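What follows is the residue order along each chain.
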Amino acid sequence: MSTQTKKNSKLLWILAIAIVVIVACILLIVLLPKKTSPYAVMELDVNPKVQFVLDTDNKVMHVNYINEDAETLLSDEKIEGLDVKKATEKFVNLCIEAGFMDVDTEGDTVNVTIYCDNTDKIEKLALDIKQTINTYFGENGIIAGAVMDIKTNFEEAYQNISQNASDFADMTQQEILSLIDETSDDLKDISISLRTDLYNYITELKNDPLFENMPTLEERIAQFKEQLENAPILTDAQKDEINKQIDELQKNLNELLKQFQEKLDEKLEELRTLSKEIFETAKQLLNEKIEQTRALIEAHKQYFEQNKEQVLAQIEEYQNSLA
């Protein structure tokens, strides 16, 4: 084999390996699960009141129970990952099946609040949700409808799931939304009846001598960073010294945060274990409610079939009055 042929063969092997590497990288990018970010928050209130944290595709990232009735209704349901319209229809249907809404009502509402700082996109979602709910009531002959409310800030949405007093003065709306995301992660699979225990424990941790210095460390890091940005003239040596102090403070803070999270994770695991029995009781209660309401729903279906035109006219009139 000539020297040139050997070189060509070697180049072909290198090219083939490079193609394999590139294809593998593309497959990893395409196939690996992407980290989703929260985009909006929606609350549905019939008396069971629930909060859905939504991603940019309007799919449910988190389900937060705002009261115990919502926990009874949804603790055995798989809602995460559903399109928000399907999740909404499931919520309303369960409210009917379990008797939280009277099928023979002369006029009832589902109160919907959507929190989002992008009003242009969220107005379309609001219309879709309203149509989903109103269509469901029309198809099932129930005189009820949706009442919509759009809010451009997230403070109230956070307060509805957290017992911690929060100062939002220096926070952007996206930072508050991230806080809702983090809190929702912590609350996942924890019964609403155990949240006070959780927040009391968090308060105790923050007051623990081991961790009480964390806010001071954060403040000092912020001060040094501000000094770097706003000081009129700093020599390279002065900048290096400030960066060195920032690194040291950040290292100490990261170690404390790691220990804090480890202790919190232990508590969360304990509460999740306790919650399993509570959720099982909720499931039994829901089944009892559904069984108690079954006959009423069947009777209503028969009445609706026999008086469809009249009932549909009443539904239309009622829903138009809500608009």
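Details of the structure are given in the entry above.
### Let's talk about the overall build of the protein
Now for step 1: Counting its regular elements, the protein contains 10 helices and five strands.
Now for step 2: Scored against the burial criterion, the 323 residues of the protein give a buried share of 37%.
Now for step 3: Surface accessibility of the protein: about 19,200 Å² in total, with carbon and sulfur atoms responsible for 51%.

### What about unusual backbone geometry?
Now for step 1: For N47, which is not glycine, the phi torsion reads 135° and is therefore positive.
Now for step 2: When you line up the elements, N47 lands in the loop between β1 (38-45) and β2 (49-55).
Now for step 3: In this structure, N58 is a non-glycine residue whose phi angle is positive, near 60°.
Now for step 4: Here N58 is to be found in the loop between β2 and β3 (60-65).

### Concerning the nonpolar core
Now for step 1: M42, F52, L73, L74, F91, V110 and F137 are the most contacted members of the largest nonpolar core, which has 44 residues in total.
Now for step 2: Judged by nonpolar contacts, the second largest core, of 33 residues, contains F154, I176, I180 and F260.

### Here we look at helix α4 (residues 119-139)
Now for step 1: The end-to-end C-alpha distance of α4 is 30 Å, a good match for the 30 Å that 21 residues give at a rise of 1.5 Å each.
Now for step 2: Taken together, the buried positions of α4 are occupied by I122, L125, A126, D128, I129, T132, I133, N134, Y136, F137 and G138.
Now for step 3: Phi turns positive, to about 65°, at G141, one or two residues after α4.

### Remarks on the sheet that holds β3
Now for step 1: Here we have five strands laid out as an open sheet, ordered β3-β2-β1-β4-β5, and mixed in their pairing. If you trace the sheet from one side to the other, it starts and ends with β3 and β5 (144-151), each paired once. Pairs of neighbouring strands in the sheet enclose a mean axial angle of 20°, with direction left out of account.
Now for step 2: Contacting β1, β2, β4 (108-115) and β5, α4 runs over the sheet at an angle of about 165° to β5.

### Points about the pattern of salt bridges
Now for step 1: One pass over the full model with this rule turns up 10 salt bridges.
Now for step 2: Note that D197 is salt-bridged to K267, the shortest N-O span being 3.6 Å. With D197 in helix α7 (residues 195-207) and K267 in helix α9 (residues 236-306), the pair connects residues that are 70 residues apart, well separated along the chain.
Now for step 3: Classification of D197 by relative accessible area gives partly exposed; the value is 31%.
Now for step 4: Using a relative accessible area of 12% as the deciding quantity, one classes K267 as buried.
Now for step 5: Between E270 and K267 there is a salt bridge, and its shortest N-O distance comes to 3.5 Å. Within this pair, E270 and its partner K267 are both found in helix α9, separated by three residues, close to a single helical turn.
Now for step 6: For E270, a relative accessible area of 40% corresponds to the partly exposed category.
Now for step 7: Among the charged side chains, a salt-bridge network with shared partners connects D197, K267 and E270.

### Points about the packing of aromatic side chains
Now for step 1: According to the stated counting rule, one finds two aromatic pairs in the structure shown.
Now for step 2: Between Y136 and F137, the aromatic rings sit 5.8 Å apart at their centres with planes inclined by 70°, giving edge-to-face as the arrangement.
Now for step 3: Residue F137 is classed as buried on the basis of its relative accessible area, which comes to 0%.
Now for step 4: Geometrically, the ring pair formed by F211 and F260 is edge-to-face, given 5.4 Å between the ring centres and 85° between the ring planes. One end of the pair, F211, is in the loop between α7 and α8 (214-230); the other, F260, is in helix α9, with 49 residues separating them in the sequence. Each member of the pair, F211 together with F260, is buried.
Now for step 5: Looking at K121, its charged tip hangs above the ring of Y39, at a distance of 4.8 Å from the centre.
Now for step 6: In this arrangement the basic side chain of K308 is found over the ring face of F304, its NZ or CZ atom lying 5.3 Å from the centre.

### With respect to the pairing of β5
Now for step 1: Note that β4 and β5 share eight bridges and pair parallel. Its bridge partner being in β5, V112 is matched across the sheet by M148.
Now for step 2: What joins β4 to β5 is α4, and the crossover it makes is right-handed.

### What about the side chain of S75?
Now for step 1: Tracing the sequence through the fold places S75 in the loop between α2 (68-74) and α3 (84-97).
Now for step 2: Classification of S75 by relative accessible area gives buried; the value is 18%.
Now for step 3: Here E71 takes part through its backbone oxygen, which lies 2.9 Å from a polar atom of the side chain of S75.
Now for step 4: With near-sequence residues (within four places) excluded, S75 lies in contact with Y65, A70, F279 and A282.

### Quick word on the pairing of β4
Now for step 1: Counting buried positions over the eight residues of β4 gives six, a clear majority of the element.
Now for step 2: Where β1 lies against β4, five bridges are found, and the strand directions are antiparallel. Pairing of M42 across the sheet is with I114, part of β4.

About the criteria used
Residues numbered from 1 in each chain as written. Predicted model: local features only at pLDDT ≥ 70, side-chain atom pairs only at ≥ 80, totals over all residues. Heavy atoms only, no water. Helix = DSSP H or I, 4+ residues; strand = E, 2+ residues; numbered from the N terminus. Buried < 20%, exposed > 50% of the residue type's maximum accessible area, 1.4 Å probe, protein only. Areas by Shrake-Rupley, 256 points an atom, 1.4 Å probe, with all protein chains shown as cover. Core = buried A, V, L, I, M, F, W, Y, C linked by side-chain atoms within 4.5 Å. Expected span 1.5 Å × (residues − 1). Pairing = 2+ DSSP bridges. Axes fitted to C-alpha atoms, helices over the stretch in contact; angles between N-to-C directions. Contact = heavy atoms within 4.5 Å. Salt bridge = Lys/Arg side-chain N within 4 Å of Asp/Glu carboxyl O. Phe/Tyr/Trp six-rings, centres within 6.5 Å; stacked < 30°, edge-to-face > 60°. Lys NZ or Arg CZ within 6 Å of the ring centre and 35° of its normal. Right-handed = clockwise from strand over helix to strand, strands pointing away. Polar contact = N/O pair within 3.5 Å; in protein donor to acceptor, adjacent residues only side chain to side chain.

Read these as spatial facts, not as claims about activity.
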